[in-house]
Amino acid sequence: MDYSELKIPKHLAIIVDGNGRWAKERGLSRLKGHDAGFDNLKKIGEYALKRGVEVLSLYVFSTENFKREEKEVSHLMDLFLLMFKKDKNYFMRNNIKVLFSGRNEPLPKNVIKARDELVELTKNNTGGIINFCMNYGGRAEIIDAVKKINADNIDINNLDEKTFSKYLYNDLPDVDLMIRTSGELRLSNFLLWQNSYAEFYFPEVKFPDFSEKDFDEAILVYNKRDRRFGGHSKK
Ligand code: FPP
């Protein structure tokens, strides 16, 4: 695909969804679905940044996901450790800066440690940002921001959106395009503040099968949208 003529979303957000159903369709365990999602995440992450996305936010674990079976949660924690420790060269090789959004509690201590070490290791990388939303909830992020604003004795009467944004987990640009795979049409508490003016795209494909071609298709769809930000169409 010729990318030179295309507008690329500066901030792309993906709700990684459908790993479980992908596995079920193949008679595999849910855990195998996450393994396949994990492999694909690395492929798509690299591709998106190569195509000019500057910030890629990935919803890999919501606060609600802790309600899943113990076996599934601990497998996901193992995958996080694998990616943040064993695969850390992936981020260095691709010059990717890693950020995280989410609460600490009740993440295991070793995951928190690996997470923080990866942020430190990659902090000077300049080839784009991956923001892992892990143990993340959009409402929790807003509540946490309000608490930090209160602790900083900010004058609430003069509070504006720009200042508020600085108190979110990371001060990132607004999301331009939000993709949720697997045909589910919900936001599920993902980047509530940052998604305010995002374009939404809901492909049917389940995340382990979300290919580079599907990514290209999403970019084409995005290019056909008319973003007005509440104003009038320029067309
Ligand atoms: C949603 O599919 C996916 C998740 C809850 C986990 C996403 C995690 C990964 C892709 C692997 C680990 C990631 C990193 C960063 C190492 P689902 O289980 O809700 O699928 P279903 O709706 O079909 O059941």
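Before reading on, note that the structure itself is shown above.
Because the structure is a prediction, the values reported are computed rather than measured.

Colleague: I'd like a rundown of the sheet that holds strand β1 (residues 11-15), residues and numbers included.
Modeller: The six strands lie next to each other as β3-β4-β2-β1-β5-β6, forming an open sheet whose pairing is parallel. A strand with exactly one partner marks an edge of an open sheet, and here the two such strands are β3 (97-101) and β6 (199-201). Strand-to-strand twist of the sheet, defined as the mean angle between neighbouring strand axes without regard to direction, takes the value 20°. As paired elements, strand β2 (residues 55-62) and strand β4 (residues 129-136) share seven bridges and run parallel to each other.

Colleague: Talk me through the pattern of salt bridges; I want residue IDs and the actual numbers.
Modeller: As enumerated under the stated definition, the model contains 18 salt bridges in all. A salt bridge links arginine 21 to glutamate 184, with the shortest nitrogen-to-oxygen separation between them at 3.2 Å. Of the two residues, arginine 21 sits in helix α1 (residues 19-25) while glutamate 184 sits in the loop between β5 (177-180) and β6, which places them 163 residues apart along the sequence. Between arginine 30 and glutamate 72 there is a salt bridge, and its shortest N-O distance comes to 2.9 Å. Of this pair, arginine 30 sits in helix α2 (residues 30-50) while glutamate 72 sits in helix α3 (residues 70-86), placing them 42 residues apart in sequence. Each of Asp17, Arg21, Arg180, Glu184 and Arg186 takes part in salt bridges that share partners, so that together they form one network.

Colleague: Before we move on, can you summarise the environment of glutamate 64 with the specific residues and values?
Modeller: With respect to the helices, strands and loops of the structure, glutamate 64 is situated in the loop between β2 and α3. By relative accessible area, which is 37% here, glutamate 64 ends up partly exposed. A sequence separation of 71 residues divides glutamate 64 from asparagine 135, and the C-alpha atoms of the two residues are 8.0 Å apart. With sequence-adjacent residues up to four places away left out, glutamate 64 is seen in contact with Tyr59 and Asn189.

Cut-offs applied
- Residues numbered from 1 in each chain as written.
- Predicted model: local features only at pLDDT ≥ 70, side-chain atom pairs only at ≥ 80, totals over all residues.
- Heavy atoms only, no water.
- Pairing = 2+ DSSP bridges.
- Helix = DSSP H or I, 4+ residues; strand = E, 2+ residues; numbered from the N terminus.
- Axes fitted to C-alpha atoms, helices over the stretch in contact; angles between N-to-C directions.
- Salt bridge = Lys/Arg side-chain N within 4 Å of Asp/Glu carboxyl O.
- Buried < 20%, exposed > 50% of the residue type's maximum accessible area, 1.4 Å probe, protein only.
- Contact = heavy atoms within 4.5 Å.

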